Amino acid sequence: MNGGRGPGYEARLARERETFAGQEEIHGNLPPSAHRWSNRHVRPKLEALGVPGLDELIVGQIADRARVLSRDAVVLSLGSGNGDQELGWLRGLAAEGLDNVRLRLLELNPEMQARAEASAREQGVADRVELITADFNTWRADAEHDVVVGFQALHHVLDLEHLYGQIKTSLTADGVLVVHDMIGRNGHRRWPEAHEVVDRIWATLPPELRHNSLTGRTDERFEDVDCAADGFEGIRAQDVLPVLLDHLHPSLFLPYGNVIDPFVDRIYGHNFDMGNPEHVALIDEIGVLDDSLLDLGLVTGTRLTALFHPTPQPLRVHGNRTPERSVRDTRVVDPAGRVSFRPGGTNGERLVRGAGLVTGRMNGIAHDDWAAPSVEFPLLTTAAVETIELKTYLPDDATEHGSVTVSVDGVPVAKADVGAGLTEQVLPVRLAAHRQVRLSLDADWSITAGLGGDRRTLAYVLVGLDLR
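A brief structural summary. (Residues numbered from 1 in each chain as written. Predicted model: local features only at pLDDT ≥ 70, side-chain atom pairs only at ≥ 80, totals over all residues. Heavy atoms only, no water.)

**Observations concerning the overall build of the protein chain**
The number of helices and strands found in the protein chain is 12 helices and 20 strands. Counting all 468 residues of the protein chain, 55% fall into the buried class. For the protein chain, the share of sequence-separated contacts (at least 6 apart) that also reach a separation of at least 24 residues comes to 79%. (Helix = DSSP H or I, 4+ residues; strand = E, 2+ residues; numbered from the N terminus. Buried < 20%, exposed > 50% of the residue type's maximum accessible area, 1.4 Å probe, protein only. Contact = heavy atoms within 4.5 Å.)

Here you go:
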């Protein structure tokens, strides 16, 4: 691991190890509501694309190659955890008479690798299993792979460009990457248009369906938790798909899920009793609504099951759920023609450009980009930063203005003078690559709008923050 990635990165790694070290079941404990929704709204779409199920998709891709190869088919599983699924693939392949398969299990957590090794020995297949304990973000491929599987692993990766580059380099000419992963907003939060729909549904739910299994409380409002606040869970979920499309080519592509997510997850999903006809009907109705919003292009999918290849292939999709319609351009307002929402505008993520990612809530930025006197947000640099270009705006008739102090982790590092009109200033702010910092902007003046009932205390409009 690269110690130069900074203390924030190491803390996230430690959190990731701690979270999963003791988990002997990482893909289970899904609520019955999730299985109800999946069986009614996901499986039929896969079947229409010629895929009986997810396990069949993975095992089928391995089997197709093992049958025609005169050597072992080499399979790499990303974030393999305890190896339960992977060893199950070996059993299924052996049942088909296919023993020429070698599994490579890439996993960060040594405790999970130890469990995988023990299971492989118990099942008598240890000679066909290779353990690779490494960090996705620094791992370098040292073998060719016929099949690579990303099963709920890619949304944990910070340096997607590096990992995809290694996958592309190591795939054989006829190789395939099987993806079953999350592609929604960073931290698994709702995009604004989906959040509005969830809030409307939430307002109709009885208290027992709003019970939060993590806190034990009944949530009056839907809690849109940022899962990436201190770890790698969903750290770059919204980049998983667009960056992948820059590296590889899909042949099977099924995005799904969005508004349904909170009602079938581990936090609230267990509240729904599948023995209660009213609860079943509600899950079914939300599932239909979710599908309709996706098919109309009013929301984008948060989950993806797909196949990717080193070279272009004929493409199978469900309806109009194409890769092009599934990629969300967060750099612009309303990229898909939505009429009532401003994607990315709520918390200011779209205001930060260049070599940095906002990894949590940006405090002090209003929906119309007006900034409070103090603005703060967590930032993760994706490359070394030498300067920050601060772009601000004040109406020409503004009588109040002054200077903005830029601080990193509470330490002032630069100051900019802000006047009326559009102001663009390049500030010498140096940050190491892959460093988690708390960036704050503090203005030494404030105004109170006071018009049309607007009583907010503001300072300026933040047009953009470019890290170079």
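**A short note on unusual backbone geometry**
Residue Asp409 is not a glycine yet carries a positive backbone phi of 55 degrees. The topology assignment puts Asp409 in the loop between strand 14 (402–408) and strand 15 (411–418).

**A word on the pattern of salt bridges**
Following the criterion strictly, the structure yields 24 salt bridges and no others. Residue Arg210 is joined to Glu220 by a salt bridge in which the shortest nitrogen-to-oxygen separation is 3.7 Å. With a gap of 10 residues between them, Arg210 in the loop between helix 8 (192–202) and helix 9 (240–247) and Glu220 in the loop between helix 8 and helix 9 connect regions that are remote in the sequence. Asp466 is the partner of Arg353 in a salt bridge, and the nearest nitrogen-oxygen pair spans 3.8 Å. (Salt bridge = Lys/Arg side-chain N within 4 Å of Asp/Glu carboxyl O.)

**Quick look at the packing of helix 7 (residues 160–170) against helix 9**
Between helix 7 and helix 9, the least distance of the axes is 10 Å, while the angle of their chain directions is 40 degrees. In the packing of helix 7 onto helix 9, the handedness of the crossing is right-handed. The segment helix 7 lies against helix 9, with Leu160, Glu161, Tyr164, Gly165 and Lys168 engaging Val240, Val243, Leu244 and His247. By residue class, the composition of the contact of helix 7 with helix 9 is five nonpolar, two polar and two charged. (Axes fitted to C-alpha atoms, helices over the stretch in contact; angles between N-to-C directions. Left-handed = near helix turned anticlockwise from the far one by under 90°. Nonpolar A, V, L, I, M, F, W, Y, C, P; charged D, E, K, R; others polar.)

**Focus: the pairing of strand 4 (residues 145–151)**
Burial runs high along strand 4: seven of the seven residues are buried. Looking at chain direction, strand 1 (residues 73–78) and strand 4 are connected through four bridges and run parallel. Paired with Ser77 across the bridge in strand 4 is Val149. The pairing of strand 4 with strand 5 (residues 171–182) spans six bridges and is classified as parallel. Paired with Phe151 across the strands is His180, a residue of strand 5. Read as a crossover between parallel neighbours, the route from strand 4 over helix 7 to strand 5 is right-handed. (Pairing = 2+ DSSP bridges. Right-handed = clockwise from strand over helix to strand, strands pointing away.)

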